[in-house]
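Now for the letters of each chain:
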Amino acid sequence: MRLISYAEAINEATFQLMDKNPSVFVMGLGVTDKSGVFGTTLKARAKFPDRVIGLPIAENAMTGIALGAAAGGMRPIFTHQRMDFLPMAMDQIINHLAKWKFSMGGKGSAPVVIRAIIGQGVGGGWGQACQHAQSLQAIFAHIPGLQVVMPYTAFDAKGMLIASVCNDAPVIFIEHRHLHGLKGDVPRKMYEVQLGKAAKLRTGKDVTIVGLSAMNIKIKIAVDELSKYGFDAEWIDLRSLKPWDEKMILKSVRKTKRLIVADTGHKSFGAGSEIIATLAEKLAGKLKGVKRISLPDMPVPAGPTIEKEYYPCANDIINAVFEMYGKKPVSNREYMKDSEPEVDFKEAF
Amino acid sequence: MRLISYAEAINEATFQLMDKNPSVFVMGLGVTDKSGVFGTTLKARAKFPDRVIGLPIAENAMTGIALGAAAGGMRPIFTHQRMDFLPMAMDQIINHLAKWKFSMGGKGSAPVVIRAIIGQGVGGGWGQACQHAQSLQAIFAHIPGLQVVMPYTAFDAKGMLIASVCNDAPVIFIEHRHLHGLKGDVPRKMYEVQLGKAAKLRTGKDVTIVGLSAMNIKIKIAVDELSKYGFDAEWIDLRSLKPWDEKMILKSVRKTKRLIVADTGHKSFGAGSEIIATLAEKLAGKLKGVKRISLPDMPVPAGPTIEKEYYPCANDIINAVFEMYGKKPVSNREYMKDSEPEVDFKEAF
Amino acid sequence: MIQMSKFKKSADLDNVKMVDFYRQMLYIRMVSVALRQSALKMELKCPVHFSFGQEATAVGVGMNLKKKDAIVITHRSHAPYLAKGGDLKKMIAEIYNKKDGTSGGIGGSMHLNSPEKNIFCSAIVSGGISIAAGLALSFRMKRKNNVAVAFFGDGAVEEGGLSETLNFAALKKLPMVFFCENNMYAVNSHISETKAVHEVSRIARAYDLPAIRIDGNNILEVYKAVKTAVNRARNSRGSTFIEATTYRWLEHVGPRFDHISGLRPEKEVRKWISRCPLKSYEKYLLKKTIINNKEISKFKVNIERRIKAAWEYMDRSPYPKLKQLEKII
Amino acid sequence: MIQMSKFKKSADLDNVKMVDFYRQMLYIRMVSVALRQSALKMELKCPVHFSFGQEATAVGVGMNLKKKDAIVITHRSHAPYLAKGGDLKKMIAEIYNKKDGTSGGIGGSMHLNSPEKNIFCSAIVSGGISIAAGLALSFRMKRKNNVAVAFFGDGAVEEGGLSETLNFAALKKLPMVFFCENNMYAVNSHISETKAVHEVSRIARAYDLPAIRIDGNNILEVYKAVKTAVNRARNSRGSTFIEATTYRWLEHVGPRFDHISGLRPEKEVRKWISRCPLKSYEKYLLKKTIINNKEISKFKVNIERRIKAAWEYMDRSPYPKLKQLEKII
Ligand SMILES: Cc1ncc(C[n+]2csc(CCOP(=O)(O)OP(=O)(O)O)c2C)c(N)n1
Ligand SMILES: Cc1ncc(C[n+]2csc(CCOP(=O)(O)OP(=O)(O)O)c2C)c(N)n1
Ligand SMILES: [Mg+2]
Ligand SMILES: [Mg+2]
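Sequence positions are assigned chain by chain, starting from 1 and proceeding in written order. Think of it this way: whatever chain is written first is A, whatever ligand is written first is 1, and the rest follow in order. At least 70 in pLDDT is required for a residue's local features to be given in this predicted model, at least 80 for side-chain atom pairs to be given and counted, and no such filter applies to totals for whole chains, interfaces and linings, which use all residues. Note: side-chain values were computed over all heavy atoms of the structure, leaving out hydrogens and water.

**Side note on the coordination of the magnesium ion (ligand 4)**
Residues and elements named next belong to chain D. Note the cut-off: Water is absent from the atoms considered, so a metal site may look incomplete; donors are defined as N, O and S atoms within 2.8 Å of the metal, or 3.2 Å for Na, K and Ca. Whether a residue is buried, partly exposed or exposed follows from its accessible area with a 1.4 Å probe, protein chains only, as a fraction of its type maximum: under 20%, in between, or over 50%, in that order.
Around the magnesium ion (ligand 4), the donor atoms from the protein are Asp 154 (OD), Asn 183 (OD1) and Tyr 185 (O), and they sit 2.0 to 2.1 Å away. Motif for the magnesium ion (ligand 4), donor spacing along one chain: D-x28-N-x1-Y. In this pair, the class of Asn 183 matches that of Tyr 185, namely buried.

Structural data, given as structure tokens:
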């Protein structure tokens, strides 16, 4: 057992990747900072200063540069402090990176990993507001040619970053600010967690709850609480959003006939919509209940009280299950608060 | 009865809007050209040359300029020859335009209309390839604060453009290159088609087929053909994607218990996923069959034969219905070809 | 390193105006001091970017603008917001995320919007520059005699949106001022790490725009340069680019000092503090007997009173509720 | 309007090389003529942007590059693709959307990619510029002695991505050449409608990059400027910006003339045709007796043969199938 944080797992994976393969390098705003993007680039910076490149604020061209470097045989890890800055780079991501291999008839490859951090204060008063707390995974997942992953555990953060960098196709690697501090058992050696595979975190028969990224924090609380009420939930951490593990979810929902997808993004046209639509296509008539738990279709507001109202919590998940079983909802938003690691104001950027 | 083309309907609506309201203006690449963006800006240009502004190629800043102009009381119609160029402007669209009103606590307004044209050669050899034929509506629909419309008829093109420009919130107004030549009965006077309302184009009881934009061309063929086989399909042109007419679709599917969504975009995390997920949430257990007809999860290839394979056709819709009823599929891709208005190579840009 | 320039009174300035400059800077400084206390007490629940050391830039612009002129500001919003006449009460309420804040409390410090005062804000680096150009375009099209000013930092110069907007503004001779506060840092990156050329105004010259580099810590110099630029714009002679060199004293975000955490050399920070735009100007005014210490004290008392009232206003204001927001999207 | 400059033989050029220039330009021209016929016969099923009139720019670059040097090209792809040594057969097959095309037929004329020849292509205006910078960065990091050239038009200069890349290339002294073919038009917009400054190379100077404006219709001038730039890059002295003024004879996309449809003045088109980079150079070579008419005829026969072979290759190639593509995304 070796407990390290999610951020430290990324820090370690990055270093090991660079140590093993001289083509791997890190680029991004603030990667050479003392704080090292929440501590995730510190080791790389200390050991391979030439391969940790601070950048001007120019997300679109810098993405093109990452792509060009990859075309030239490098393996860039391009780090963004907030996912909200990726819209600046959408042309290079959507029109170039995602289409690179295809537009060469399959001959080229573009092994670029884009690390994007969701700046959400899930239940605390982090106040990042509408331009610094978006969770745009559904957009990337819609674009053929991109892979999208959202690890939840420290173990997966390391294993999936390694798998992403070793993969020849571009990967949008999505972290959640609230996960960085979470600790987990992480082997010292290098290992890969295969992209596209989900992780079953609890076996159950009454309902399938699929979680993305930090929503798993809330599912964890919810499934424990649900079991007190006699509900035996199956909990699956999706981990990879594109491609996603249709097989595992399908198998689970065939059994439970009920599906809840808990996502960190907006509800409409969101990640949950895809999972549910696919399952509905496959199991129409057999489904007894499906539901998305996600952000409202409203930009993220800032404020210590309104954020608590805005972000979904364990209680919402519990009630979704209750509703499927015709049970009266409970109201205890406390299910949420325990789950929130405190985030220091110092790190508000 | 006054038959004019879809492009002409937009041309007329634009002129009438500008004639009525001196705050309305047109901006975009090529809007001052002789060809007038497929003829849609010619009348405006002839009558109000000062309010038809050609632009440098700088989609992001130009979108900010449209937004600023709107904040200053103008009502810009920003025209793009291809939707594929909008990723360049994503920062201004997602982070600014969509959040303008919200980030002022509701006080501001940003009445910007962005016209985006899907450059698809639905079944012909238009060969636009992966950077000039995208249909990215799902991305915009995911972002709270944006409205997304996709008129199919000439009548709606006029009425919805007028409604969009008169609306205080930003609208992504999506045209399809193949619709521009289609004629319809269009009143001379100004009128609005309310955003958010779908249009029922055929009443039926066996299956609900919801179409977006040019996919309705194929649905039209499919429903006729289906009736020969004894299937009575209900055909709904969604028209508005965000918000979409949940009420009408829900009512229809309650009756038919079967839903097909035919979309011009990629399948996964696409527009159809949202419609189906919502219906699955509301009608779980009651649905007998649901299916998306859309582009494969693959960038758009160019080529006269491969495009025919790539784009879905009426036959696919027919087979989707057959499948729901356990009937053997037919194979007659000819259902598609008749539906294709010829596009002159001259207009290949 | 840039030397602090001498104060030079231009002919068009009278004492009243010169005292106004001072009072405005003092006001912004004192509000910042109070807010910094709130931040240190951990009362603020949103990221706050302070402008200590950058008061002269804000005031030099603000004093040249009319209410119907527009400014678009950035994450570092307080000083220009106040200098343009933004409501103090509503600003404090906003930063505390209260319902009576200028954006209803849901924006916080990074979204100090006040459309009624023609103050617009974006926390996306460079995001506001083109929006300001759009406002300028609307003034032109509506035949209004107004000017739009884009505030941005040296960091924003690296984004292509600036070049795109410079070209359009130059092409269309928009009534606009590009106002760059070059404080030599973007977050923790020094300008030398991210820029080939440190004199950012050179970019504007490539578009044939008049571009001037001034000492942004000298209120008289800022005022004068902005005056010229605003006049050009009002007289349909097009846009101007002003690069005002300055320095932020505190860390990028938050109330602490960077030299404490080792992010910047203490010597550098101290040097710039010694060039305080407020103190140096105060000294000048005192020396020229344009102001005396008694007056200064009176100003301070007055500003303290306004600050107190603003905090009381904020205290009385409730937090907004999600239900109320549903209508506004 | 720019006057055609005089041909000046520089000391490093021998006759063999000078004839090579000619043969390359002739080759590109003849291929374009053949392709234009295909387009007029409506045989091409993808948008095709011809480079008639812009052969000297392409060849002047191509003759300076090694196979492992990289270029990133645009929608107007044929000339630079061929000049860099791109395979003719595969290009024709690609433009006819055949399986043996350089991109398997699914890209068409706007996606002439040939990674094995280090030719990359993007049909998004300005999209390839930063990609070229990334290739240059990879050469640096892999300690290769190669150079990356970004081709782009005057239109691309309006996109912010150019400025962003200029800054980075200048900052990191990337082994790169910014090569702008300023043909004064972007689609149907004349440069005066969209740009405040028509001499686009000035933008590069704002980043302290050496920038030169040359007559892009003069192969010797292009060759020389690119040689200097490529040498600088190879010797770790950083990037150079070259603005080569030129003109496209045909419409933006397709095989016809713009003056027929009234989009450009006939006089202007004719004037530029009279400055044909190929013909004027041919005249010069003949006059200097570096070449004679017999040799020219021989070249033509030879090129005709290659063209014929390319069309035969294309004819033999099948169309790709969707099933085969599923693996490649
Ligand atoms: C597009 C974008 N990229 C990155 C950021 C993160 N960020 C916030 S402020 C900042 C630095 C801005 O520096 P500068 O423009 O010089 O302004 P200053 O903070 O010095 O006032 C950065 C990189 C952002 N907000 N937007
Ligand atoms: C981002 C983007 N916006 C618009 C277009 C449409 N478009 C294709 S070519 C072109 C003009 C390009 O002009 P220039 O760069 O001068 O190249 P030229 O055609 O003259 O060779 C435009 C606007 C595009 N492809 N990409
Ligand atoms: Mg700065
Ligand atoms: Mg051009």
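**Re the packing of helix H5 (residues 127-141) of chain C against helix H6 (residues 160-172) of chain C**
All names here are of chain C. Counted only if it meets this: Helix axes are fitted to C-alpha atoms over the stretch in contact, other axes to C-alpha atoms as well, and angles between N-to-C directions run from 0 to 180 degrees. Strands here are runs of E lasting at least two residues and helices are runs of H or I lasting at least four, both read from the DSSP assignment and numbered beginning at the N terminus. Geometric relationships in this document are graded by angle, where less than 35 degrees denotes roughly parallel, more than 145 denotes roughly antiparallel, 65 to 115 denotes roughly perpendicular, and other angles denote oblique. Crossing handedness is read from the near helix: turned anticlockwise from the far helix by less than a right angle, it gives a left-handed crossing, and turned clockwise, a right-handed one. By definition in these notes, contact holds between two residues if any of their heavy atoms fall within 4.5 Å. Ten residue types, Ala, Val, Leu, Ile, Met, Phe, Trp, Tyr, Cys and Pro, are classed as nonpolar, four, Asp, Glu, Lys and Arg, as charged, and the remainder, Gly among them, as polar.
At a minimum axis separation of 9 Å, H5 and H6 run at an interaxial angle of 15 degrees. In terms of orientation, H5 lies roughly parallel with respect to H6. As for the relative orientation of H5 and H6, their crossing is left-handed in sense. When H5 is examined against H6, the residues Ile 129, Ser 130, Ala 133 and Arg 140 are found in contact with a partner set consisting of Leu 162, Thr 165 and Lys 172. When its residues are assigned to classes, the contact of H5 with H6 shows 3 nonpolar, 2 polar and 2 charged.

**Some details on the relation of the copies chain B and chain A**
Heads up, the condition is: Each copy is superposed on the other by least squares, with the fit set by C-alpha atoms of residues at a pLDDT of at least 70 in both.
Least-squares fitting of chain B to chain A yields an RMSD of 0.0 Å, with the transformation described by 0.0 Å of translation along the axis and a rotation of 180 degrees. Expressed as a symmetry operation, the mapping of one chain copy onto the other fits a two-fold axis.

**Details of the domain arrangement of chain A**
Residue and element names in this part refer to chain A. Put simply, the rule reads: Segment limits for the domains were obtained from an automatic or database-derived domain assignment. Buried area: the accessible area, evaluated with a 1.4 Å probe, that two parts lose upon being put together, summed over both parts. Between Lys or Arg on one side and Asp or Glu on the other, a salt bridge is scored when a side-chain nitrogen of the former is within 4 Å of a carboxyl oxygen of the latter.
Split into domains, chain A comes out as domain 1 (3-185) and domain 2 (199-339). Computed over C-alpha atoms, the centres of domain 1 and domain 2 are 26 Å apart. Tallying the contact residues gives 32 residues for domain 1 and 32 residues for domain 2. When domain 1 packs against domain 2, close to 2,300 Å² is buried across both sides, 58% of that on carbon and sulfur atoms. Linking domain 1 with domain 2 are 1 salt bridge. One salt bridge connects Asp 156 with Arg 239, and the closest N-O pair in it is separated by 3.1 Å.

**A word on the environment of Leu 209 of chain D**
All names here are of chain D. Positionally, Leu 209 belongs in the loop between helix H8 (202-205) and strand S7 (211-215). With a relative accessible area of 7%, Leu 209 lands in the buried category. Through-space distance from the C-alpha of Leu 209 to that of Thr 102 is 34 Å; in sequence the pair is 107 residues apart. Setting aside its immediate chain neighbours within four residues, Leu 209 contacts Leu 166, Ala 170, Phe 178, Ala 204 and Ser 239.

**Describing the coordination of the magnesium ion (ligand 3)**
Residue and element names in this part refer to chain C. Distances from the magnesium ion (ligand 3) to its protein donors, Asp 154 (OD), Asn 183 (OD1) and Tyr 185 (O), fall within 2.0 to 2.1 Å. Mapping the donors of the magnesium ion (ligand 3) onto the primary sequence gives the spacing D-x28-N-x1-Y. In this pair, Asp 154 sits in the loop between strand S3 (148-153) and H6 while Asn 183 sits in the loop between strand S4 (176-182) and strand S5 (185-186), placing the two residues 29 residues apart along the sequence. Judged by its relative accessible area of 2%, Asp 154 is buried.

**Some points on the sheet that holds strand S11 (residues 233-237) of chain B**
Residues and elements named next belong to chain B. The cut-off we apply is this: Strand pairing is assigned whenever DSSP identifies at least 2 bridges connecting the two strands.
An order of S9-S11-S10-S13-S14 is seen for the 5 strands of this open sheet, with the pairing classed as mixed. Lying at the two open borders of the sheet, with one neighbouring strand each, are strand S9 (199-202) and strand S14 (289-295). Recorded for the sheet is a direction-independent mean angle of 25 degrees between the axes of neighbouring strands. As paired strands, strand S10 (residues 207-211) and strand S13 (residues 258-266) are joined by 4 bridges and run parallel to one another. Residue pairing across strands places Gly 211 opposite Ala 262, the latter belonging to S13. Strands S10, S13 and S14 of the sheet are contacted by helix H12 (residues 314-324), whose axis makes an angle of about 160 degrees with S14.

**Here's the deal with helix H10 (residues 271-283) of chain A**
Residue and element names in this part refer to chain A. Counted only if it meets this: Expected helix span is given by 1.5 Å per residue-to-residue step, counting one fewer step than there are residues.
With 13 residues, H10 should reach 18 Å at 1.5 Å per residue; the first-to-last C-alpha distance of 19 Å fits that figure. When we look at burial in H10, the residues that qualify are Ala 271, Gly 272, Ser 273, Glu 274, Ile 275, Ile 276, Ala 277, Thr 278, Leu 279, Ala 280, Glu 281 and Leu 283. Backbone geometry just downstream of H10 places Gly 285 in the positive-phi region, at approximately 90 degrees.

**Section: the pairing of strand S7 (residues 171-176) of chain B**
Residue and element names in this part refer to chain B. What counts, and what does not: Place the viewer so that the strands point away; then a crossover is right-handed whenever the path from the first strand over the helix to the second strand goes clockwise.
When you tally the buried positions in S7, you get 6 out of 6 residues, the bulk of the element. Note: strand S5 (residues 113-118) against S7, 6 bridges, orientation parallel. Paired with Ala 116 across the two strands is Ile 174, which belongs to S7. Bridging between strand S6 (residues 147-149) and S7 involves 3 bridges; their strand directions are parallel. Looking at the pairing, Val 148 lines up with Ile 172 of S7. Handedness of the crossover joining S6 and S7 through helix H7 (residues 154-166): right-handed.

**Looking at the confidence of the model for chain C**
Stated formally: Predictor confidence is given residue by residue as pLDDT, running from a minimum of 0 to a maximum of 100.
Here chain C shows a mean pLDDT of 96. Residues at 70 or above account for 99%. Taken together, the chains of this predicted complex give a pTM of 0.98 and an interface ipTM of 0.98.

**Concerning the side chain of Asp 206 of chain A**
Residues and elements named next belong to chain A. Just so we agree on the cut-off: Here a polar contact is recorded for every N or O atom pair within 3.5 Å, except that within protein the pair must consist of a potential hydrogen donor and a potential acceptor, and residues adjacent in sequence are included only if both atoms are side-chain atoms.
You can see Asp 206 is positioned in the loop between strand S9 (199-202) and strand S10 (207-211). Judged by relative accessible area, Asp 206 falls into the buried class, the value being 11%. In this structure the side chain of Asp 206 is engaged in a polar contact, spanning 2.6 Å, whose partner is the backbone nitrogen of Asp 232. Excluding residues that lie within four positions of it along the chain, Asp 206 makes contacts with Gly 230, Phe 231, Asp 232, Thr 256, Arg 258 and Tyr 325.

**Overview of a positive patch on the surface**
To keep things clear, this is the line we draw: Two joining distances apply to patches: 9 Å for like charges and 5 Å for nonpolar side chains (Val, Leu, Ile, Met, Phe, Trp, Tyr), and every residue must have over 30% relative accessible area and no salt bridge. Working definition of accessibility: Shrake-Rupley area with a 1.4 Å probe, residue cover restricted to the visible protein chains. Residues scored as positive are Lys and Arg, those scored as negative are Asp and Glu, and His as well as the terminal groups of each chain are ignored. Throughout, a charge is located at the NZ atom of Lys, the CZ atom of Arg, the CG atom of Asp or the CD atom of Glu.
A surface patch of positive charge is lined by Lys 6, Lys 9, Lys 283, Lys 287 and Lys 288 of chain C. Within the secondary structure, Lys 288 of chain C is located in the loop between helix H11 (277-287) and helix H12 (293-316).

**Topic: the interface of chain B and chain A**
Each partner contributes residues to the interface: chain B has 52 residues there, and chain A has 52 residues. Summed over both sides, the interface between chain B and chain A buries roughly 4,500 Å², with carbon and sulfur atoms accounting for 66% of that surface. Considering only the side of chain B, the residues that lose the most area to chain A are His 142, Phe 269 and Glu 281 of chain B, jointly responsible for 20% of the buried surface there. The interface formed by chain B and chain A holds 6 salt bridges in total.

**Quick look at the interface of chain C and chain A**
It is common to give the size of an interface as the accessible area lost on bringing the parts into contact. Taken together, the 41 residues of chain C in the interface contact 35 residues of chain A. For the pair chain C and chain A, the interface holds 0 salt bridges. Linking chain C with chain A are 10 residue pairs in polar contact (both at pLDDT 80 or more), by the criterion used here. Residue assignment for the side of chain C that touches chain A shows that the elements contributing at least two residues are helix H7 (191-194) and helix H13 (322-325) of chain C. Here the side of chain C that touches chain A is built from residues that sort into 20 nonpolar, 13 polar and 8 charged.

**Digging into the site of ligand 1**
The criterion, for reference: Here a residue is near a molecule or strand as soon as one of its heavy atoms is found within 4 Å of it.
Taken together, 22 residues form the shell around ligand 1, and within it Glu 59 of chain A together with His 75, Arg 76, Gly 155 and Asn 183 of chain C come nearest. Residues within reach of ligand 1 are spread across chains A and C. One nitrogen or oxygen atom from the main chain of Val 125 of chain C is found 3.0 Å from a nitrogen atom belonging to ligand 1. Here ligand 1, which alone exposes 580 Å², has 97% of that area covered by the protein.

**Here's the deal with the sheet that holds S7 of chain D**
All names here are of chain D. The 6 strands lie next to each other as S2-S1-S3-S4-S8-S7, forming an open sheet whose pairing is parallel. Each having just a single partner strand, strand S2 (119-121) and S7 make up the two edges of the open sheet. Sheet twist, expressed as the mean angle between neighbouring strand axes with direction ignored, is 20 degrees. Examined bridge by bridge, strand S1 (residues 70-73) and S2 share 3 bridges and lie parallel to one another. Note on S2: the bridge partner recorded for Ile 71 is Ile 119. In the packing of helix H6 (residues 160-172) onto the sheet, the strands contacted are strand S3 (148-153), strand S4 (176-182) and strand S8 (240-245), and the crossing angle to S4 comes to about 150 degrees.

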